[in-house]
Amino acid sequence: MSLPPHVAWLIDHAPGLPPGESGRLVQTHISFVVLAGDRVYKVKKPVDFGFLDFTTADKRARMCAAEVERNGRLSPDVYLGVEPIRPRGDGFTLGVGGPGDAEPIDYAVVMRRLPADGMLESILAEGRATAAHARAVAEVLADFHLRAERGPAITEFGSRAVIEGNWTENFEQTQDAIGDSIDRAAFDAIRAYVSRFLDGNAGLLRRRRDEGWIRDGHGDLKVTAVAFEPAAGAGPGDVRVLDCIEFNDRMRYGDVAADLAFLRMDFASRGRPDLADELLARYLARTLDADLPLLLPFYECYRAYVVGKISTFAAADPHLAAADRETARNNARRHFQLAAGYAERGTGARLMVVAGPSGSGKSTLATALAGRLGARWLSSDVVRKRLAGLDPTAASGSGVGTGLYDAATTARTYDALLGEAETSLRDGQPVILDATFVDPAQRDAAAALARRLGVPCDVLVCRASAEVVRARMQLRAADPAAVSEGTWEVYERQRPAFDDVRLPPPARVHQIDSGEALARSAPAALRLLRIAAS
């Protein structure tokens, strides 16, 4: 394994190194990363992969500056600046030059080094990751996406032409991997799935552009890009998100679903689909993006395929040791297999009702299932306030059974809910309705819609203990972004209505313990729906 001389020098002479110590080198397919004391120095490799070109020092200088600028949106206190690397005597120097100094031969991004035990990758590997970690990341990501830049030039990157072009590039750049990292059958199946999805979802992609969900995002949001720093009080700590793509706007511009899908895919690939569920539940609670789950399997497939592709590049990198190249090859195989698994998902048009009294946890379960199944998530709480012209998080001031919750408004809400469901079902999309459905007539109407359209209908009745419901109500009352206005009084009035829920066949009714953590309740719900958990 050979290293450029200035990188080898940096390992032993980086500013901030304690006397007598050397830095530690970590490599990616595009960077040499030197960990030295309380600093990190990132030097870009002189590579050209088509989607990036770092082949000259000037190009690397521009991309270093862009990296600091773009990552400043999420972690401004981590990205400290760019320093030139110059020859001096038998070695090199880092920083601003003086009279007579040579011109820079390269550049390094300088970062504040974060605690190793706070990196999400380490937290996962050591079994310390909890739902609270996923929720904290979701809060940061939702806020980032809601304020991220958008506009006509960015919106165009959500078009079919651009999405298809990205996939075409992936397929072209992995031709040599067929028969090694990916078998021909999987390659062909993924390519066919992409074509089917794009052909069948033209309206959805157009709606995403029209509604402004194509934004300047992160582009490379995987587990290794997330860190936690200790904060006062309980909780996982303050979130830092790193390594935003700077070298290609095309890979950063896109549907917000593509960013979320990357981290969900990475959680799942590491054996923690429950954290992917928690991430989505909290993210949707903040963004209320009903269509986003429809896109998740597609973008999870895309992200898994990209990781497979990048790993094939690393497997051919002469700077890496043989063992590291073999690790990269195995990683490519694993992610191509994962991409093929996402391509096999899909339930077609299907109506799923997640019902239960207020505070039973139905919304959290509904969003998790929507992400697993690629289903549209429709919430009565959101629809009710939209019909009233209110912001979803605004308090209506209504009492039990009055104002926004009187019989007439409730009837309009459920009519609108089923109307939106019908539109999606006719488009061949699965739908999850997230509402109490306390009135048997409401459940009958949902089942009748499914019968009329000839699609399967399942009703999941959520149940949780009174203690769990009371604790959830307390958390909701303290959450300024909460949409539901359900109270303990509402719960007590609604609970008896779910003692004996029945519907005529072919609709199916299932009881689910939604008082458990998503790690248990989501797989249990999938089993009840006769869909294999993944």
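Refer to the structure printed above.
Okay, so let's go over this structure.

Parameters and conventions
- Residues numbered from 1 in each chain as written.
- Predicted model: local features only at pLDDT ≥ 70, side-chain atom pairs only at ≥ 80, totals over all residues.
- Heavy atoms only, no water.
- Pairing = 2+ DSSP bridges.
- Helix = DSSP H or I, 4+ residues; strand = E, 2+ residues; numbered from the N terminus.
- Axes fitted to C-alpha atoms, helices over the stretch in contact; angles between N-to-C directions.
- Contact = heavy atoms within 4.5 Å.
- Core = buried A, V, L, I, M, F, W, Y, C linked by side-chain atoms within 4.5 Å.
- Buried < 20%, exposed > 50% of the residue type's maximum accessible area, 1.4 Å probe, protein only.
- Left-handed = near helix turned anticlockwise from the far one by under 90°.
- Nonpolar A, V, L, I, M, F, W, Y, C, P; charged D, E, K, R; others polar.

Take the sheet that holds strand S15 (residues 508-513) next. Overall, parallel pairing links the 5 strands, which are arranged S12-S13-S11-S14-S15 in an open sheet. Two strands lie at the open edges of the sheet, namely strand S12 (376-379) and S15, each paired on one side alone. Strand-to-strand twist across the sheet, computed as the mean angle between neighbouring axes with direction ignored, equals 20°. Inspection of the sheet shows S12 paired to strand S13 (residues 430-434) by 4 bridges, in the parallel sense. By the bridge assignment, leucine 378 is partnered in S13 with leucine 433. Packed on one face of the sheet, helix H15 (residues 380-387) meets S12 and S13 and runs near 60° to S12.

Counting residues in hydrophobic clusters, the biggest one holds 101 residues, and the most contacted among them are Trp167 and Ile190. By residue number, the principal contributor to this core is helix H12 (residues 292-315), which donates 14 residues. Ranked by size, the runner-up nonpolar core spans 27 residues in total, among them Leu449, Ala450, Val501 and Leu503.

It is generally the case that most residues other than glycine have a negative phi and that most peptide bonds are trans. Here the amide bond leading from proline 505 into proline 506 is cis, since omega sits at 10°, within 30 degrees of zero. Note that proline 506 resides in the loop between helix H19 (488-494) and S15. Unlike most non-glycine residues, leucine 288 shows phi in positive territory, near 55°. Relative to the assigned elements, leucine 288 resides in the loop between helix H11 (273-287) and H12.

Quick look at the sheet that holds strand S1 (residues 24-27) now. Across the sheet, 6 strands lie side by side as S1-S2-S3-S6-S4-S5; this open sheet has antiparallel pairing. With partners counted over all chains shown, the strands left at the sheet margins are S1 and strand S5 (91-94), one partner each. Here the strands of the sheet are splayed against their neighbours by 30° on average, with no regard to which way each runs. The pairing of S1 with strand S2 (residues 31-36) spans 4 bridges and is classified as antiparallel. If you follow leucine 25 over to S2, its bridge partner there is valine 34. Against the sheet, helix H1 (residues 5-13) engages S1, S2, strand S3 (39-44), strand S4 (79-88), S5 and strand S6 (106-112), with an angle of about 70° to S5.

Take the packing of H11 against H12 next. Running from amino to carboxyl end, H11 crosses H12 at an angle of 145°, the nearest separation of the two axes being 12 Å. Here H11 runs over H12; the crossing is right-handed. On the side of H11, the interface is formed by Leu280, Tyr283 and Leu284, while H12 contributes Leu292, Pro293 and Leu296. Here the residues of the contact of H11 with H12 are counted per class, giving 6 nonpolar, no polar and no charged.

Function cannot be read off these values alone, since they describe shape.
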